[in-house]
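Each chain is listed here by its residues.
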Amino acid sequence: MAPVKLFRARVFTPVADPFRVAAADSYLSFDDGYLAVERGRIAGVGPWSEHPSGATAVDLGREALVIPGFIDTHLHGPQLEMIGSYGGHLLEWLNRYTFPTEAKFSDPKHAEAIAKSFFDELLRNGTLCALVFSTVHFEATDIFFAEAERRGFRAIIGKTMMDRNAPEALLEDAKTSYEQSRELLLRWHNRGLLRYAIAPRFAPTSTPELLERAGELKRQFPDAYVHTHISENRNEVEWVHELFPEAEYADVYDDYGLLSDRTILAHGVHLTEEELDLLSRRGTRIAHCPNSNLFLGSGLFHLHHVLDSGVGVGLGTDIGAGTTPSMFTAMAAAYKVQQVQGVSLSPFELWYLATLGGARALSLENETGSLEAGKSADFLVLDLHATPLISIRSDGAANVEDLLAGLIFMGDDRLVRTAYIAGREVSNRP
Ligand SMILES: [Zn+2]
């Protein structure tokens, strides 16, 4: 019999969607709790008074909070080094900063260095699962996959597909894009914790032929993901109407068979009713990236309207337009984006979006996203005494809701003491 390992600490986990059920039914919380791990899986969770006997126990202390790992549903690995590139809205920002940065990834040495920093940063921030854009480069994408595998990281990664409206150095022809994507997919999709995403950057950098090829790949590999952008910025939406005058933005992807329940579209700030209806019918998910939307001035996401339309939503940092890999900041920004629209999200709703909601958006909820028996043991140990101010705030918290609120608005990588994926320690700071 494999040994069961018990972690004793405060424990919090979402278990249901607080946008659909009463808040009290959406989570489990134990002031003095246990998490039992066996063979990399969660064997049980509950109050310490009911912990299983005969297991090895690690007492993490009262200042430790065990929670599920964060899930980032949209970011760009190669853009790590350009966080905070100043000024401009989406389209000029892409030309001025993003494309020159991504062009550097033709050099595998550069790709190796950034891929290493990228996963270092995700782990130190408590992100244990992510949907990631690489660049157009075959080798750089291969390097991101290999680095994820080396860390035991759970990732969905895709080579950017792009054959127009970008600098020459980043353009490929549709056939090459298809062939290289296919080869990477065959190499990495469903290998361990890794999955492949077919990833046209967005409609404006895609010819109809490229989208046709992407759709062909999706038909061949129906369980592969599709990852792209939609309706982030008003000028972008207008540009799509010029390039594809016969269709709404979402129809462009649908016309090539790219919308399914394994499709994640980043942003969706300016979607029409008809588009939301289409996405709902296809089961397509949105990655909401509030920090990025604020930084680029893209607009305010209508969260409840999207959810009420039946479209699933996860939370993303959208590095490098997002200004930090921290999902604490993503939660805080999501709160503020709704606040200015007159809606106050609860800490339970925000935490759900950053964990179990993200897992659902990525169709990984049977594996990760919450601390429930049978799932992979993907969890964090947070240090509620990480800084003097966080100590004061956490020790004085009236209840778990208040505790979580403080962490959302004051939290960053200093809170993350240890991270485990599939029961294996992947990051630990003294
Ligand atoms: Zn993006």
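One can find the structure itself at the top, above this paragraph.
Residues numbered from 1 in each chain as written. Predicted model: local features only at pLDDT ≥ 70, side-chain atom pairs only at ≥ 80, totals over all residues. Heavy atoms only, no water.

## A short note on the overall build of the chain
Part 1: Helices and strands together make up the secondary structure of the chain, namely 15 helices and 17 strands.
Part 2: A globule of 430 residues ought to have a C-alpha radius of gyration of about 22 Å, and the chain, at 21 Å, matches this closely.
Part 3: By principal-axis analysis of the C-alpha atoms, the chain measures approximately 65 × 45 × 40 Å.
Part 4: When burial is assessed residue by residue, the chain has 61% of its 430 residues classed as buried.
Part 5: In the chain, 74% of the contacts between residues at least 6 apart in sequence involve partners at least 24 apart.
Part 6: With an accessible surface of roughly 15,600 Å², the chain has 48% of that area assigned to carbon and sulfur atoms.
Part 7: Here the chain carries 39 positive and 58 negative side-chain charges, and the mean point of each set is 6 Å from the other. (Helix = DSSP H or I, 4+ residues; strand = E, 2+ residues; numbered from the N terminus. Rg over C-alpha atoms; globule rule 2.2 N^0.38 Å. Buried < 20%, exposed > 50% of the residue type's maximum accessible area, 1.4 Å probe, protein only. Contact = heavy atoms within 4.5 Å. Areas by Shrake-Rupley, 256 points an atom, 1.4 Å probe, with all protein chains shown as cover. Lys, Arg positive; Asp, Glu negative; His and termini not counted. Charge placed at Lys NZ, Arg CZ, Asp CG, Glu CD.)

## Observations concerning unusual backbone geometry
Part 1: With an omega of 0 degrees, the peptide bond between Ile 319 and Gly 320 qualifies as cis.
Part 2: For Gly 320, the position within the fold is in the loop between strand 14 (313-315) and helix 11 (327-339).
Part 3: We note that Arg 39 has phi near 50 degrees; this positive angle belongs to a residue other than glycine.
Part 4: Summarising the element assignment, Arg 39 is placed in the loop between strand 2 (27-38) and strand 3 (41-47).
Part 5: Arg 39 sits in the exposed class, given a relative accessible area of 70%.
Part 6: Of note, Ala 422 is a non-glycine position whose phi angle comes to about 50 degrees, a positive value.
Part 7: With respect to the secondary-structure elements, Ala 422 resides in the loop between strand 16 (416-421) and strand 17 (424-428).

## A word on the coordination of the zinc ion
Part 1: Around the zinc ion, the donor atoms from the protein are His 74 (NE2), His 76 (NE2), His 229 (NE2) and Asp 318 (OD), and they sit 2.0 to 2.5 Å away.
Part 2: For the zinc ion, the four donor atoms in the first shell make angles of 83 to 170 degrees at the metal, so the coordination geometry reads as irregular.
Part 3: Each donor residue of the zinc ion belongs to the same chain, and together they define the spacing H-x1-H-x152-H-x88-D. (Donors = N, O, S within 2.8 Å, 3.2 Å for Na, K, Ca; no water. Tetrahedral: all angles 85-135°; square planar, octahedral: opposite > 155°, others 65-115°.)

## A look at the nonpolar core
Part 1: In terms of nonpolar packing, the biggest core is built from 111 residues, with Tyr 253, Ile 286, Trp 351, Leu 382 and Leu 407 touching the most fellow members.
Part 2: A per-element tally of this core places helix 2 (residues 108-124) first, with seven residues.
Part 3: Excluding anything up to four places from it in sequence, Leu 382 contacts Glu 63, Ala 64, Leu 65, Ile 67, Phe 328, Trp 351, Leu 407, Leu 415, Val 416 and Arg 417.
Part 4: Counting 15 residues, the second largest nonpolar core, distinct from the first, contains Ala 9, Leu 35, Leu 60 and Val 381. (Core = buried A, V, L, I, M, F, W, Y, C linked by side-chain atoms within 4.5 Å.)

## Quick notes on the packing of aromatic side chains
Part 1: Going through the model one piece at a time under the given rule, you end up with 19 aromatic pairs.
Part 2: A centroid spacing of 5.6 Å and a plane angle of 35 degrees characterise the contact between Phe 12 and Tyr 27, whose relative ring orientation is tilted. Of the two residues, Phe 12 sits in strand 1 (residues 5-14) while Tyr 27 sits in strand 2, which places them 15 residues apart along the sequence.
Part 3: Centroid distance Phe 12 to Phe 348: 6.1 Å. Interplanar angle 25 degrees. Geometry classified as stacked. One end of the pair, Phe 12, is in strand 1; the other, Phe 348, is in helix 12 (residues 347-354), with 336 residues separating them in the sequence. Of the two residues examined, Phe 12 and Phe 348, each falls in the buried class.
Part 4: Ring pairing ties together the aromatic residues Phe 12, Tyr 27, Phe 70, Phe 328, Phe 348 and Trp 351, which thus form one cluster. (Phe/Tyr/Trp six-rings, centres within 6.5 Å; stacked < 30°, edge-to-face > 60°.)

## A short note on the packing of helix 11 against helix 12
Part 1: Relative to each other, helix 11 and helix 12 sit at 130 degrees, their axes nearing to 10 Å. Taken together, helix 11 and helix 12 sit at an angle that is classed as oblique. Regarding helix 11 and helix 12, the two cross each other, and that crossing is right-handed. Along its contact with helix 11, which presents Met 327, Phe 328, Met 331, Ala 334 and Tyr 335, the element helix 12 presents Leu 350, Trp 351 and Ala 354.
Part 2: Residues of the contact of helix 11 with helix 12, tallied by class, amount to eight nonpolar, no polar and no charged. (Axes fitted to C-alpha atoms, helices over the stretch in contact; angles between N-to-C directions. Parallel < 35°, antiparallel > 145°, perpendicular 65-115°, else oblique. Left-handed = near helix turned anticlockwise from the far one by under 90°. Nonpolar A, V, L, I, M, F, W, Y, C, P; charged D, E, K, R; others polar.)

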